[in-house]
Amino acid sequence: MTARRVASIPHAVKRAVVAHARREAPKECCGFLIGTGARVDLAVPMSNVDPRPHTGFQIDPSEHIAVRRVIRQVLPNAGIVGVYHSHPSGPAAPSPRDIAEAHYPDWIFLICGRAGRVVRAYRIRRGMATPVAIRWRPAERPRRKR
Ligand SMILES: [Zn+2]
């Protein structure tokens with residue numbers, strides 16, 4: 001079992017997740033966190049195909065396959081390191097269903113609660129959710145090659 005690590009997430013990812021949550025409200029939004037280990041570099045919005053999207057989320061399986069393919073092609077050293085979703089009127093904490101349906105013990109589960117006012121991270125292992133501290137990184141200057 002790995003030690004608890006601090007998740008490093010850019011402010012831009014938080015802004016993107018909160019904006020997505022607000023766009024989808026009162027439905028839950030969802031998406032993947034792409035990066036390496038506990039370092040998140042970007043958030044990719046996915047469609048919530050849950051039949052009851054106001055109280056749960058299910059990432060569109062075909063989009064899941066497509067995003068994995070794109071990552072392999074353009075970011076071979078990165079991967080899906082977590083998933084984000086929103087609780088439009090609930091707290092930024094995993095619901096019993098989130099815990100029951102979490103099958104990736106190393107993933108970061110980022111939850112945007114209460115209309116985007118709170119964003120928290122967890123790891124969910126063996127039916128237990130543990131809070132993960134977040135270090136919000138400032139924007140990095142893009143390095144351009146011409
Ligand atoms: Zn949830």
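Above this text you will find the structure in question.
Summary of the structure given here. (Residues numbered from 1 in each chain as written. Predicted model: local features only at pLDDT ≥ 70, side-chain atom pairs only at ≥ 80, totals over all residues.)

### Considering the overall build of the chain
Reasoning step 1: Counting its secondary structure elements, the chain contains three helices and eight strands.
Reasoning step 2: Traced from its N-terminal end to its C-terminal end, the chain shows the element sequence β-α-β-β-α-β-α-β-β-β-β.
Reasoning step 3: Compactness check: the chain gives a C-alpha radius of gyration of 15 Å against a globular reference of 15 Å for 146 residues, within 12% of the reference.
Reasoning step 4: A principal-axis box enclosing the C-alpha atoms of the chain has dimensions of 45 × 35 × 30 Å.
Reasoning step 5: Counting across all 146 residues of the chain, residues that qualify as buried make up 29%.
Reasoning step 6: Look at the contacts in the chain between residues 6 or more apart in sequence, and 64% of them connect residues 24 or more apart. (Helix = DSSP H or I, 4+ residues; strand = E, 2+ residues; numbered from the N terminus. Rg over C-alpha atoms; globule rule 2.2 N^0.38 Å. Buried ≥ 20, exposed ≤ 12 C-beta atoms within 10 Å, placed from the backbone. Contact = placed C-beta atoms within 7 Å.)

### What about the pairing of strand β3 (residues 39-46)?
The two faces of a sheet get side chains in turn, since along a regular strand they alternate between them.
Reasoning step 1: Pairing between strand β2 (residues 30-36) and β3: seven bridges, direction antiparallel. By the bridge assignment, Gly35 is partnered in β3 with Val40.
Reasoning step 2: Count of turn residues in the β2/β3 antiparallel hairpin: two residues, of which Gly37 carries a positive phi of about 60 degrees. (Pairing = 2+ DSSP bridges.)

### Considering the environment of Gly37
Reasoning step 1: Of note, Gly37 is situated in the loop between β2 and β3.
Reasoning step 2: As a C-alpha pair, Gly37 and Asp106 span 69 residues in sequence and 8.3 Å in three-dimensional space.

### Section: helix α2 (residues 61-74)
Reasoning step 1: Between the first and last C-alpha of α2 there are 20 Å, a value that for 14 residues agrees with the 20 Å anticipated at 1.5 Å per step.
Reasoning step 2: Among the 14 residues that make up α2, zero are buried, leaving the element largely open to the surroundings. (Expected span 1.5 Å × (residues − 1).)

### A short note on helix α1 (residues 11-24)
Reasoning step 1: In this model α1 runs 20 Å from its N-terminal to its C-terminal C-alpha over 14 residues, within 8% of the 20 Å that 1.5 Å per residue would give.
Reasoning step 2: Among all positions of α1, only Val13, Lys14, Val17, His20, Ala21 and Glu24 are buried. Looking down the long axis of α1, one finds its buried residues gathered within 130 degrees of arc, a one-sided arrangement. When the buried face of α1 is taken as reference, the exposed residues oriented beyond 90 degrees from it are His11, Arg15 and Arg23. (Arc of directions from axis to C-beta.)

### Regarding the environment of Pro45
Reasoning step 1: Positionally, Pro45 belongs in strand β3.
Reasoning step 2: The exposure class of Pro45 is partly exposed, given the 17 C-beta atoms found within 10 Å.
Reasoning step 3: Here the alpha-carbon distance between Pro45 and His20, two residues 25 residues apart in the chain, equals 7.4 Å.
Reasoning step 4: Contact partners of Pro45, with chain neighbours within four places excluded, come to His20, Cys29 and Gly31.

### Some thoughts on the pairing of β2
Reasoning step 1: Across the seven residues that make up β2, a large majority, six, are buried.
Reasoning step 2: Relative to strand β4 (residues 79-87), β2 is paired through six bridges, and the arrangement is antiparallel. Bridging across to β4, Gly35 finds its partner in Gly79.

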